[in-house]
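Here is what each chain is made of, one letter per residue.
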Amino acid sequence: MESRFVDLAKNEIEKIKPLWESLNRIHLEDSVYWKDHYRNFTFEKRMTFLESFPDEDVKITAVVKGGELAGYCISTVSAGTGEIDSLYLDEKVRNMNLGNRLVELHVDWLKSKDCGKIKVAVSHGHESVLKFYNKQGFFERRIELELKQ
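Residues numbered from 1 in each chain as written. Predicted model: local features only at pLDDT ≥ 70, side-chain atom pairs only at ≥ 80, totals over all residues. Heavy atoms only, no water.

### Some thoughts on the pairing of strand β3 (residues 68-78)
The following threshold applies: Buried residues are those whose accessible area, probed at 1.4 Å on protein chains only, stays under 20% of the maximum for their type, while exposed residues exceed 50% and partly exposed ones sit between those limits. Helix and strand assignments come from DSSP, with helices taken as H or I runs of at least 4 residues and strands as E runs of at least 2, each series counted from the N terminus. At least two bridges found by DSSP between two strands is the condition for calling them paired.
For β3, a buried count of eight out of 11 residues is recorded, marking the element as mostly surrounded by other parts of the structure. Pairing of strand β2 (residues 58-65) with β3 involves eight bridges; the strand directions are antiparallel. Paired with I60 across the two strands is I74, which belongs to β3. The antiparallel pairing of β2 with β3 creates a hairpin that spans two residues between the two strands, and G66 there sits at a positive phi of about 60°. Relative to strand β4 (residues 81-89), β3 runs antiparallel, the two sharing eight bridges. In the strand pairing of β4, S75 is matched with I84. Linkage of β3 to β4, two consecutive antiparallel strands, is achieved through a turn of two residues, within which A79 is found at a positive phi near 50°.

This is the structure:
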């Protein structure tokens, strides 16, 4: 059964909600200091950031396998900087090169938008994804700390 990639419009973001919720559960499990944040974080809260971006500065790509959504990637452009904001693949489609292809599609899109810098943030505790991103050409540049209140 072949997988395909489908771009979604911003107003179709709800389609990825179950996948995002799976990713949030992983972040909750992996989190060292921010379990309360992930426990109380909702899809609706997370996706409000997209409202500030014009449609043409948002790319949402879904992975479809067997007629079902099995993964997604969301990227945005702001002031010449591109960011892969969220990426998730269901366990049943991991290790099939789909994540590599998603990143490649999004990096190509971000470059086509003249992004001088392209970045991705990884939550502390979720370092298991660093090797994946390193293979895509992303490397640790700085560590950002946030005051927990």
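### Section: the environment of E144
To keep things clear, this is the line we draw: In protein, a polar contact requires one atom able to donate a hydrogen and another able to accept it; more generally it is a pair of N or O atoms within 3.5 Å, and residues adjacent in sequence count only if both atoms are side-chain atoms.
Among the structural elements, E144 can be located in the segment after α5 (130-135). On the basis of relative accessibility, which here comes to 61%, the residue E144 falls in the exposed class. A C-alpha to C-alpha distance of 9.8 Å links E144 and A121, two positions 23 residues apart in sequence. In terms of polar contacts, E144 uses its side chain to reach the side chain of R142, at 3.5 Å.

### Quick word on the packing of aromatic side chains
Spelled out, the test is: Aromatic rings from Phe, Tyr and Trp, taking only the six-membered ring of Trp, are treated as a pair when their centres fall within 6.5 Å; an angle between ring planes under 30 degrees marks them as stacked, one over 60 as edge-to-face, and anything in between as tilted. We count a charge as sitting over a ring when the NZ of a lysine or the CZ of an arginine lies within 6 Å of the ring centre and within 35 degrees of the ring normal.
Enumeration over the complete set of coordinates arrives at five aromatic pairs. Judged by centre distance (5.7 Å) and plane angle (65°), the rings of W20 and F41 are edge-to-face. On the criterion of sequence distance, the pair formed by W20 in helix α1 (residues 17-30) and F41 in the loop between α2 (35-40) and α3 (43-47) is long-range, its members being 21 residues apart. You can call F41 partly exposed: its relative accessible area is 22%. The interplanar angle of 65° and the centroid separation of 5.9 Å between the aromatic rings of W20 and F43 together place this pair among those described as edge-to-face. Taken together, the residues W20 in helix α1 and F43 in helix α3 connect sequence positions 23 residues apart. In this pair, the class of W20 matches that of F43, namely buried. Pairwise contacts between aromatic rings join W20, F41 and F43 into one cluster. One residue, R46, lies across the ring of F49, its end atom 4.4 Å from the ring centre.

### Concerning the side chain of S75
So the rule is basically this: Between two residues, a contact is recorded if the distance between any of their heavy atoms is within 4.5 Å.
Among the structural elements, S75 can be located in strand β3. Polar side-chain contacts of S75 include one of 2.7 Å to the side chain of H106. Contact partners of S75, with chain neighbours within four places excluded, come to D57, V58, K59, E83, I84, D85, H106, W109 and L110.

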